[in-house]
Amino acid sequence: MIDDERVVCRPRAALVAPRTFFTHARFFAPPLLVIILAQGYPYNLDFDYGPLECLQKFMINNLGDPFIESNYGVHSREFEIGVLNWFAKLWEIEREEFWGYVTNCGTEGNLHGILVGRETLPDGILYSSVETHYSVFKAARMYRMDAVEIDTLESGEMDYAHFRAKLMENQDRPAIVNVNIGTTVRGAVDDLDKVLAILDECGFDESNFYIHCDGALFGMMIPFVKKAPKVSFKKPIGSVSVSGHKFVGAPVPCGVVMTRLRLIKSVSSDVEYLNSRDATIMGSRNGHAPIYLWYTLTMKGYSGIQKDVELCLNNAHRLMEMLEKAGIQTMLNELSSTVVFERPEEEAFVRKWQLACESDIAHVVVMPNISVEKLETFVKELIESRERASKKKREATMLANGNGGHAANGDGTA
Amino acid sequence: MIEQASTPISVPAASPSRVDLSSTAQLLGSSPRDRLVGASPRRAASSLPRSPSKSTFSQALPICSAIEEAANELDDGLKMNDGIAIGDELSKVGLITHNLAKALEITEPDAGTKERVTTIINAYKDKLTSRTSTHMVGFDWGNQRGERSSCASAR
């Protein structure tokens, strides 16, 4: 059903990425520049949880396993499992075959997915692209795993030739692969099918590889985009994680991680104190978060989320067009709502739009709460800011030349 | 003990942020861990059978009638033994199952969704209120949207 309803993308947006600009930008580490339009990061601020305010006075804690009720009675497991069932349908796995939980954030989902991978294949090497979210390599450090960074293509997607070469170098050891379903900065999506094909070509089978899909933001969007590589447990993947506070939107950070029931046994142990099973990264777990997610997913359903996805992709394309029209170098990955562009020079502008900056590129993640009007205001102010910065630069050059610009005009070297 | 502590405690120069607890203990005449024995219900309980029962929790606590009473109440209120039985069964199976999991199913929204959600939230609130009746904690964050909370008023 979801297949039929998936969004048909507008005509492919060209990757407007002048080689010099973006190739240069990629060499800056860690990830470049993060600018997210209006009010910070890729968070959907378009929510109203007013009807849930009556629950504020409860300390709701889903400590332990979502499927095994603890002695602590003030929990929201019924909601949590409802949410998990919704995601199970989205990622195509039978209820009897999955295990998962509502996490405190995307990082926890990655930590969990990679832990399951490591416990399944203790001698495995972790492979992930250089544009991967920092939490993935943090997991490698925490679990003392050997890790290999894979180069990326200009789009930010994994360099498959490099991945193949690295796999061939380590054929004698299992592979634990993190597949990015939207990188942090450029929103690039690694091609899961291509990764699986390369593993097969290099002689790896399901007994010696494990795939974790880091869906952070786009893991919620991709299932609704027709041309996107499908993230599905019908494929031999081990786990998927997404953030809940990003695309769905919530007043607290949260996320979802899902894996196969048969795999979770390796990281589980009974805990007498909890009277539940310990299979999660955190012990105490926010019981409000599943209720927020349940509420939004119930009110919107697949159809509502699909509409949001369509809106974001369309608005991202619209933003790209506006920026291009203004002569600002821009890039937009086809499957993404992350618009990458040149870093604004004015600090005041950066502060006003709550931009986190690094190196010489910026990005805007177009979320459901970002209206066209807001985009227009942003672009208008960005243009004005660039003009001011440019004027300042010209004046500084003239001053440096010592004669208010006459020399510059005179000898033609300015 | 305070007098003894005035004796300088040597801290290895290589790790300035770490206090050598064993040398501290020597100065104090016993290891820090030893001095904790007796104050820790968990430690005292370690010699007891692993499966907690109504009496286990109470026995593990220091002698204090008020706490003991509260512990009994807690044991009764939460039916700890029933829970353990479920846990034991699951251990035998070796895998968790969904049979025990109640889920609030998410369906596609329709005209009745808003009402259904309101009913569920109200019922859930009542359930939590009932479940907190045996709690030994209590707080009120007030109306987060408009009125000043009791916390803010106190200032």
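About the thresholds
- Residues numbered from 1 in each chain as written.
- Chains lettered and ligands numbered in written order.
- Predicted model: local features only at pLDDT ≥ 70, side-chain atom pairs only at ≥ 80, totals over all residues.
- Helix = DSSP H or I, 4+ residues; strand = E, 2+ residues; numbered from the N terminus.
- Buried ≥ 20, exposed ≤ 12 C-beta atoms within 10 Å, placed from the backbone.
- Contact = placed C-beta atoms within 7 Å.
- pLDDT = per-residue confidence, 0-100.
- Pairing = 2+ DSSP bridges.
- Axes fitted to C-alpha atoms, helices over the stretch in contact; angles between N-to-C directions.
- Right-handed = clockwise from strand over helix to strand, strands pointing away.
- Core = buried A, V, L, I, M, F, W, Y, C linked by C-beta atoms within 7 Å.
- Domains from an automatic or database assignment.

A word on the overall build of chain A. Scanning chain A for helices and strands turns up 13 helices and 12 strands. The buried share of chain A, taken over its 414 residues, is 51%. Within chain A, contacts between residues separated by at least 24 positions form 73% of all contacts whose residues are at least 6 apart in sequence.

Within chain B one finds nine helices and zero strands. Reading the helices (α) and strands (β) of chain B from amino to carboxyl end gives α-α-α-α-α-α-α-α-α. Residue pairs in contact within chain B that sit at least 24 positions apart in sequence constitute 22% of those at least 6 positions apart.

All right, on to the confidence of the model for chain B then. All names here are of chain B. Across chain B, the average pLDDT comes to 50, with 21% of residues at or above 70. Mean pLDDT across the secondary structure elements of chain B bottoms out at helix α9 (residues 150-154), with 33, and peaks at helix α8 (residues 113-131), with 88. pLDDT under 50 marks residues 1-100. Its contacts with residues more than four places away, or in other chains, come to 81 contacts. Note on residues 141-155: pLDDT is under 50 here. Beyond four places in sequence and across chains, it has 13 contacts. The complex prediction reports pTM at 0.72, with the ipTM value standing at 0.78.

Another point: the environment of A:Glu169. Turning to its location among the elements, A:Glu169 is positioned in helix α6 (residues 160-169). Sequence separation between A:Glu169 and A:Cys213 is 44 residues; the distance between their C-alpha atoms is 23 Å.

A separate point is the sheet that holds strand β11 (residues 338-342) of chain A. Residues and elements named next belong to chain A. One open sheet accounts for three strands, arranged β10-β11-β12; its pairing is antiparallel. Of all the strands in the sheet, the pair left with one neighbour each is β10 (330-332) and β12 (361-365). On average, each strand axis in the sheet is inclined to that of its neighbour by 20°, with strand direction left out of account. As defined by bridge partners, β10 adjoins β11 across three bridges and the pair is classed as antiparallel. Considered in β11, the bridge of Met331 is made with Val340.

Right, let's talk about the sheet that holds strand β4 (residues 175-180) of chain A for a bit. Residue and element names in this part refer to chain A. The sheet built from seven strands is open, its strands ordered β1-β7-β6-β5-β4-β2-β3 with mixed pairing. Only two strands of the sheet have a single partner each, and these edge strands are β1 (98-103) and β3 (147-150). This sheet shows a mean twist of 15° between the axes of neighbouring strands, independent of strand direction. Where strand β5 (residues 209-214) lies against strand β6 (residues 239-243), three bridges are found, and the strand directions are parallel. The residue of β6 that forms the bridge with Asp214 is Ser241. Where helix α3 (residues 77-90) meets the sheet, it contacts β1 and β7 (255-260), and its direction lies at approximately 120° from that of β1.

The next thing to look at is the pairing of β5(A). Residue and element names in this part refer to chain A. For β5, the buried fraction is high: six of the six residues fall into the buried class. Taken together, the six bridges between β4 and β5 define a ladder with parallel strand orientation. By the bridge assignment for β5, Asn178 is matched with His212. Between the parallel elements β4 and β5, the chain passes through helix α7 (residues 192-201) in a crossover that is right-handed.

The next point concerns the nonpolar core. All names here are of chain A. Formed by 109 residues in total, the largest nonpolar core has its most connected members in Val83, Leu293 and Val339. In terms of residue count, the dominant contributor to this core is helix α10 (residues 288-325) (17 residues). The residue makeup of this core includes at least three contributed by each of domain 1 (2-42 + 302-408) and domain 2 (58-300). Excluding residues within four positions of it along the chain, Leu293 makes contact with Val83, Val102, Gly244, Val248, Ala250 and Cys254.

To continue, consider the environment of A:Leu126. All names here are of chain A. Position of Leu126 among the secondary structure elements: in strand β2 (residues 125-129). Each C-alpha atom, one on Leu126 and one on Phe137, is 8.5 Å from the other, the two residues being 11 residues apart in sequence. Residues contacting Leu126, with those up to four places away along its chain left out, are Ile114, Ala140, Met145, Ala147, Ile176 and Asn178.

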